Amino acid sequence: MTSAEKEQWMRRALESARRGWGLTHPNPMVGCVIVENGEAVAEGFHAGAGLEHAETAALRQLGRKPSADAVLFVTLEPCSTHGRTGPCTEALLEAGIRRVVVGAVDPNPVHRGAGLERLRQGGASVESGVLEEECRDLNLIFNHWITGGAPLFAGKVATTSDGKIACRTGQSKWITGESAREDVMRWRKLFPAIAVGANTALEDRPRLTSRLPEGEWCPVRFVFDGLLRLAHRKELPGLLTDEFRERSIVVTTEHAGTGYVRRLVGEGVKIWCLPSPSPQVPFGEFRRRCAGEGITGVYFEGGSRLLSGMIRERQLDYLFAYRAPLFFADDKARPVFCGMRTEKIEQGIRLADVRHQTFGDDQLMRGRVVYPEKMDVDEVVFSQLQRS
């Protein structure tokens, strides 16, 4: 089988894996295809935690002993340990699979390579690394969770070509086009939770759900409001009162005042009150609370104050940056990030493992956030940002 043919079948396995998009947390998405004589005869995917794995789903669909030339393609190294389901390595060997092609190896350092070695010990021919980058990219959230034991904090921004997220008047709808916004809906479905600041909740009144052709999907919805400004308003934002309100949580601090907390709780709003030396919600404490609740990833949609605060605390792990062919050329328009004092190029914050996509006239650049060793905060600008 040629390299091109192997990549073709691994892409087919990736397509199968994406059928579990947003459904498998805290497990990874995995897809599998069994090929005989140049044709796909069975495929499977992991549909959710506790459900059968992609390899056993494909074997079940095959429903017979595989032929001698059968090749099994799987996007992630087969598991070799007992969990809620049995080890896939044993299922493959018992079924008679003798050739396995793997995309990415297990990111868990405890199990990394163990499944490949068990298959080889059982007499199977094993090849790994086919479309490895694509297979790893499929499981951004899982990879971060399993290696660090903490949720992936990803930011999303939609900017003009000169880095603005709104006009000086605050108008921001819409900077990017419809196809880029549809892609945001897809990522909203992947992440277990989504977050915005109080200003965004009050000014833009977002619904924060994923609205796709197959239906509406609601993740956990967080609103960061260290002083509970939401409680000052007679009418609460819709995401605290709509049909998904049970999935909405306001994140605040002890500085908010017990009266405001009682008002929101009395109206059925869930509150996370985190310890903090200031009225700003500490992202480290929020990350620890999410980990304790089993929330493996949070998609932050801003605004500028929230995301800039994350940068200052080095708490933003990943960034989705949509850019439109539009510019304001106005220093009073709202920037996407501010509050840092960057005097040298090497003090800039970079993205690594970058991937690019185009949506109509708009572009998406996304990647892992890499911080420089030294970062200086512009205290004047940042204090103004906190008061805004």
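Above: the structure in question.
Note that the structure is a prediction, hence the values are computed from the model and not measured.

Rules of the game
Residues numbered from 1 in each chain as written. Predicted model: local features only at pLDDT ≥ 70, side-chain atom pairs only at ≥ 80, totals over all residues. Heavy atoms only, no water. Helix = DSSP H or I, 4+ residues; strand = E, 2+ residues; numbered from the N terminus. Rg over C-alpha atoms; globule rule 2.2 N^0.38 Å. Buried < 20%, exposed > 50% of the residue type's maximum accessible area, 1.4 Å probe, protein only. Contact = heavy atoms within 4.5 Å. Pairing = 2+ DSSP bridges. Axes fitted to C-alpha atoms, helices over the stretch in contact; angles between N-to-C directions. Parallel < 35°, antiparallel > 145°, perpendicular 65-115°, else oblique. Left-handed = near helix turned anticlockwise from the far one by under 90°. Nonpolar A, V, L, I, M, F, W, Y, C, P; charged D, E, K, R; others polar. 1 Å grid on protein atoms, 1.4 Å probe; cavity = no way out; pocket = protein on both sides within 12 Å on 5 of 7 lines; lining within 4 Å. Points joined across faces, edges and corners; volume = space filled by probe spheres on them. Core = buried A, V, L, I, M, F, W, Y, C linked by side-chain atoms within 4.5 Å. Salt bridge = Lys/Arg side-chain N within 4 Å of Asp/Glu carboxyl O.

A.B. asks: Describe the overall build of the chain, with residues and values.
C.D. replies: In terms of helices and strands, the chain carries 12 helices and 18 strands. For the chain, the C-alpha radius of gyration of 23 Å lies close to 21 Å, the compact-globule estimate for 388 residues. If you line up the chain on its principal axes, its C-alpha atoms span 70 × 45 × 40 Å. A burial count over the chain gives 50% of its 388 residues as buried. Residue pairs in contact within the chain that sit at least 24 positions apart in sequence constitute 72% of those at least 6 positions apart.

A.B. asks: Explain the pairing of strand β2 (residues 39-45) to me, using residue names and the numbers behind them.
C.D. replies: Examined bridge by bridge, strand β1 (residues 31-36) and β2 share 6 bridges and lie antiparallel to one another. In the sheet register, Glu-36 faces β2, and the bridge partner there is Glu-39. Counting the residues that bridge the hairpin from β1 to β2 gives 2 residues, and of these Asn-37 lies at a positive phi of roughly 50 degrees.

A.B. asks: Talk me through the packing of helix α2 (residues 54-62) against helix α3 (residues 88-95); I want residue IDs and the actual numbers.
C.D. replies: In the contact formed by α2 and α3, the axes pass within 9 Å of each other and the chain directions differ by 25 degrees. Classified by the interaxial angle, the pair formed by α2 and α3 is roughly parallel. The crossing of α2 and α3 is left-handed. Facing α2, whose interface residues are Glu-55, Thr-56 and Leu-59, α3 presents Cys-88, Ala-91, Leu-92 and Ala-95. Its residues assigned to classes, the contact of α2 with α3 comprises 5 nonpolar, 1 polar and 1 charged.

A.B. asks: Break down the environment of Gly-268 for me, with residues and values.
C.D. replies: Along the chain, Gly-268 falls in the loop between α9 (258-266) and β13 (270-274). The exposure class assigned to Gly-268 is partly exposed, which follows from its relative accessible area of 43%. Spatially, the C-alpha atom of Gly-268 lies 39 Å from that of Ala-324, the residues being 56 residues apart in sequence.

A.B. asks: Lay out the environment of Gly-148 in plain terms, naming residues and giving numbers.
C.D. replies: Turning to its location among the elements, Gly-148 is positioned in helix α6 (residues 140-148). Relative accessible area serves as the criterion here: at 57%, Gly-148 is assigned to the exposed category. Separated by 40 residues in sequence, Gly-148 and Asn-108 have C-alpha atoms that sit 9.5 Å apart.

A.B. asks: So what's going on with empty space enclosed by the protein? Which residues, and what values?
C.D. replies: A probe as big as a water molecule, rolled over the atoms, marks out the empty space that is left. Applying the stated criterion across every chain, the model contains 1 cavity of 30 Å³ or more. The calculated volume of the largest cavity comes to roughly 50 Å³. Thr-24, His-25, Asn-27, Met-29, Leu-138, Asn-139, Leu-140, Ile-141, Phe-142 and Leu-190 are the residues that line the largest cavity. Looking at the lining of the largest cavity, the element that brings in the most residues is α6, giving 3 residues. Residue composition of the lining of the largest cavity, grouped by class: 6 nonpolar, 4 polar and no charged.

A.B. asks: Describe in detail the packing of α3 against helix α4 (residues 114-121), supporting the description with residues and values.
C.D. replies: In contact at an axis separation of 9 Å, α3 and α4 are set at 25 degrees when each is read in the N-to-C sense. Relative to α4, the element α3 lies roughly parallel. Viewed along their axes, α3 and α4 form a crossing whose handedness is right-handed. In this structure, α3 uses Thr-89, Glu-90, Leu-92 and Leu-93 to contact α4, whose residues at the interface are Gly-115, Arg-118 and Leu-119. Its residues assigned to classes, the contact of α3 with α4 comprises 3 nonpolar, 2 polar and 2 charged.

A.B. asks: Tell me about the nonpolar core, and please be specific about residues and values.
C.D. replies: Counting residues in each nonpolar core, the largest one holds 72 residues, and the members touching the most others are Phe-191, Phe-320 and Tyr-322. Not counting residues within four places of it along the chain, the set of residues in contact with Phe-191 comprises Ile-141, Leu-152, Ala-154, Pro-219, Gly-297, Val-298, Tyr-299 and Phe-320.

A.B. asks: Can you explain the sheet that holds β1? Please cite residues and give values.
C.D. replies: Read across the open sheet, the 5 strands follow the order β2-β1-β3-β4-β5; overall the sheet is mixed. Of all strands in the sheet, those bounded by a partner on one side alone are β2 and β5 (125-128). Ignoring strand direction, the axes of neighbouring strands in this sheet form an average angle of 20 degrees. Its contacts with the sheet put α4 on β4 (99-104) and β5, and the angle it makes with β5 is roughly 155 degrees.

A.B. asks: Run through the sheet that holds strand β11 (residues 220-224), naming residues and quoting values.
C.D. replies: The mixed open sheet is built from 9 strands, whose spatial order is β13-β12-β11-β8-β14-β6-β15-β18-β17. Lying at the two open borders of the sheet, with one neighbouring strand each, are β13 and β17 (350-359). With direction set aside, neighbouring strand axes in the sheet form an average angle of 25 degrees. For strand β6 (residues 152-159) and strand β15 (residues 318-323), the ladder comprises 6 bridges, and the chain directions are parallel. When the bridges of β15 are listed, Val-157 appears paired with Ala-321.

A.B. asks: Could you give me a rundown of the pattern of salt bridges, with the residues and numbers involved?
C.D. replies: Counted under the stated rule, the structure contains 26 salt bridges. Where Glu-52 meets Arg-60, a salt bridge forms, and the shortest distance between an N and an O atom there is 2.5 Å. Across the pair Glu-301 and Arg-188 runs a salt bridge, and its minimum N-O distance is 2.7 Å. A residue pair is termed long-range when its members are at least 10 positions apart, and Glu-301 in the loop between β14 (297-300) and α11 (304-312) and Arg-188 in helix α7 (residues 178-190) qualify at 113 residues. With respect to burial, Glu-301 and Arg-188 carry one shared label: buried. Ionic contacts of the salt-bridge type, sharing partners, join the residues Arg-207, Glu-216, Arg-221, Asp-242 and Glu-243 into one network.

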